[in-house]
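# Fold and contact review
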Amino acid sequence: MTGPPVRRYRVAHRTAYSYSREVTNSYGRAYLTPRDLPGQRLLTHHIRIDPAPSDRSVGADVYGNITSYFHVTTEHRALTVLGDSLVEVDTSARGSCTAAAEPWEKARPSSATEPLAVEFALDLQPPEITSEIVAYTAESLLPGRPLLDAVGELNTRVHTDFAYRSGATTVSTRVADVFAARAGVCQDFARLAVACLRSHGLAARYVSGYLATDPPPGKERMVGADATHAWAAVWVPGADGHDRTGRWIDLDPTNDQFGDERYIITAWGRDYADVPPLRGIIYTDAKDSTITVSVDVTEV
């Protein structure tokens, strides 16, 4: 872990759509609100939409993520959604977890240890876990190996074995295809890590958020150079293995590291499809459309 344990960030997430013809109605749902968590405090947050929506609301989904709904009825050829947040991250407030030094097999959840974590140990439908993924994971999850060591090595192997290649996949690419191609982006590597952990009975969730990137020495930080980020988290039970004080440990295979004070959590779910930053439906005769996304994470 580098830098001070407490940092404050301003996050500006701008999504701009343009269409070749007028859009008469636009429905949207956004996961752009950082969560309030132990070690992460949301100080301010606003979502600005242009054209202004005729209807909007804010609620929480089944996992406690804050989701914003909007409906634009003004005819438009361009739509802009800007999420502006001020967040304080303090990793020292998240505490330690002695169970992470225990054999990884003890972290398999059950209804007796953490019923809410059991859901995150199940495969998706259609299934994402293959025999190849089971075998790949087994090379790191050796019998009796401490959880943190095993997960750390798996994190490093995904980072080493898979090439970061923008455009190699889409949001609908299956994990098996990512595994075969040995290439993808952060969302793919997060989904792959989740499938690997679940293949051996561990609870793992997909996490969406932001990563504050520090500029190289002597270089100025580039506005808009950041992007939405995704990583995985593995569940660890309480110290005695029977209480409900377990926690989640963030791991980022894209950068081969565990989560620290540079990671800002927006939402989590079982898969990317649960928490896309922005999704919606439009009514239009337009044949063409473009989308431009920029994210700026500034330490303040």
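Our structure is the block above this text.
Below you will find a few notes about this structure. (Residues numbered from 1 in each chain as written. Predicted model: local features only at pLDDT ≥ 70, side-chain atom pairs only at ≥ 80, totals over all residues. Heavy atoms only, no water.)

### Here's the deal with a nonpolar patch on the surface
Together, Tyr 27, Ile 281 and Tyr 283 make up a nonpolar patch on the protein surface, roughly 310 Å² of accessible area in all. For Ile 281, the location among the structural elements is in strand 13 (residues 278–284). When its relative accessible area of 53% is taken as the criterion, Ile 281 is described as exposed. (Patch = residues over 30% accessible without salt bridge, like charges linked within 9 Å, V, L, I, M, F, W, Y side chains within 5 Å. Areas by Shrake-Rupley, 256 points an atom, 1.4 Å probe, with all protein chains shown as cover. Salt bridge = Lys/Arg side-chain N within 4 Å of Asp/Glu carboxyl O. Helix = DSSP H or I, 4+ residues; strand = E, 2+ residues; numbered from the N terminus. Buried < 20%, exposed > 50% of the residue type's maximum accessible area, 1.4 Å probe, protein only.)

### Here's the deal with helix 2 (residues 131–138)
All buried positions along helix 2 are accounted for by Ile 133, Tyr 136 and Thr 137. Buried residues in helix 2, looked at end-on, bunch into an arc of 95 degrees, giving them a common side. Residues of helix 2 that are buried in the fold lie against helix 3 (147–161), helix 4 (175–181) and helix 5 (186–198). (Arc of directions from axis to C-beta. Contact = heavy atoms within 4.5 Å.)

### Some details on the layout of surface pockets
A water-sized probe, rolled over the atoms, reveals where empty space remains. The space that makes up the largest pocket amounts to roughly 1,100 Å³. Lining the largest pocket are 44 residues, with Val 185, Cys 186, Gln 187, Ala 227 and Thr 228 positioned closest to its centre. With four residues, helix 5 is the largest single contributor of residues to the lining of the largest pocket. For the lining of the largest pocket, the class distribution of residues is 22 nonpolar, 14 polar and eight charged. (1 Å grid on protein atoms, 1.4 Å probe; cavity = no way out; pocket = protein on both sides within 12 Å on 5 of 7 lines; lining within 4 Å. Points joined across faces, edges and corners; volume = space filled by probe spheres on them. Nonpolar A, V, L, I, M, F, W, Y, C, P; charged D, E, K, R; others polar.)

### Describing the side chain of Asp 188
By the element assignment, Asp 188 lies in helix 5. For the buried residue Asp 188, which engages in no salt bridge, the nearest side chain bearing the opposite charge is Arg 191, 4.9 Å off. Beyond its immediate sequence surroundings of up to four residues, Asp 188 is in contact with Thr 169, Thr 170 and Val 178. (Lys, Arg positive; Asp, Glu negative; His and termini not counted.)

### Some remarks on the sheet that holds strand 8 (residues 204–211)
If you walk across this open sheet you meet the five strands as 11-10-9-8-12, and the pairing is antiparallel. The open sheet has two free edges, formed respectively by strand 11 (257–258) and strand 12 (263–269), since each of these has just one partner strand. Direction of pairing for strand 9 (residues 228–236) relative to strand 10 (residues 247–252): antiparallel, over a ladder of five bridges. In the strand pairing of strand 10, Trp 235 is matched with Trp 248. Sheet contacts for helix 5: strand 8, strand 9 and strand 10; angle to strand 9, the most-contacted strand, approximately 15 degrees. (Pairing = 2+ DSSP bridges. Axes fitted to C-alpha atoms, helices over the stretch in contact; angles between N-to-C directions.)

### Observations concerning the packing of aromatic side chains
Tallied over the entire structure, the rule returns eleven aromatic pairs. Taking the centre distance of 6.1 Å and the plane angle of 70 degrees together, the rings of Tyr 27 and Tyr 283 count as edge-to-face. Of the two residues, Tyr 27 is situated in strand 1 (residues 6–30) and Tyr 283 in strand 13; the sequence distance between them amounts to 256 residues. Taking relative accessible area as the criterion, Tyr 27 reaches 31% and is therefore assigned partly exposed. Here the aromatic cluster, defined as three or more aromatic residues joined through ring pairs, consists of Tyr 136, Phe 162, Tyr 164, Phe 179 and Phe 189. (Phe/Tyr/Trp six-rings, centres within 6.5 Å; stacked < 30°, edge-to-face > 60°.)

### Here we look at the pattern of salt bridges
Applying the stated criterion to the full structure yields 13 salt bridges. Across the salt bridge formed by Glu 299 and Arg 7, the nearest N and O atoms sit 3.7 Å from each other. Of this pair, Glu 299 sits in strand 14 (residues 289–299) while Arg 7 is found in strand 1, placing the two residues 292 residues apart along the sequence. The exposure class of Glu 299 is partly exposed, given its relative accessible area of 41%. A relative accessible area of 7% places Arg 7 in the buried class. Where Arg 145 meets Glu 153, a salt bridge forms, and the shortest distance between an N and an O atom there is 3.0 Å. The network of salt bridges with shared partners includes Glu 128, Arg 174, Arg 191 and Asp 271.

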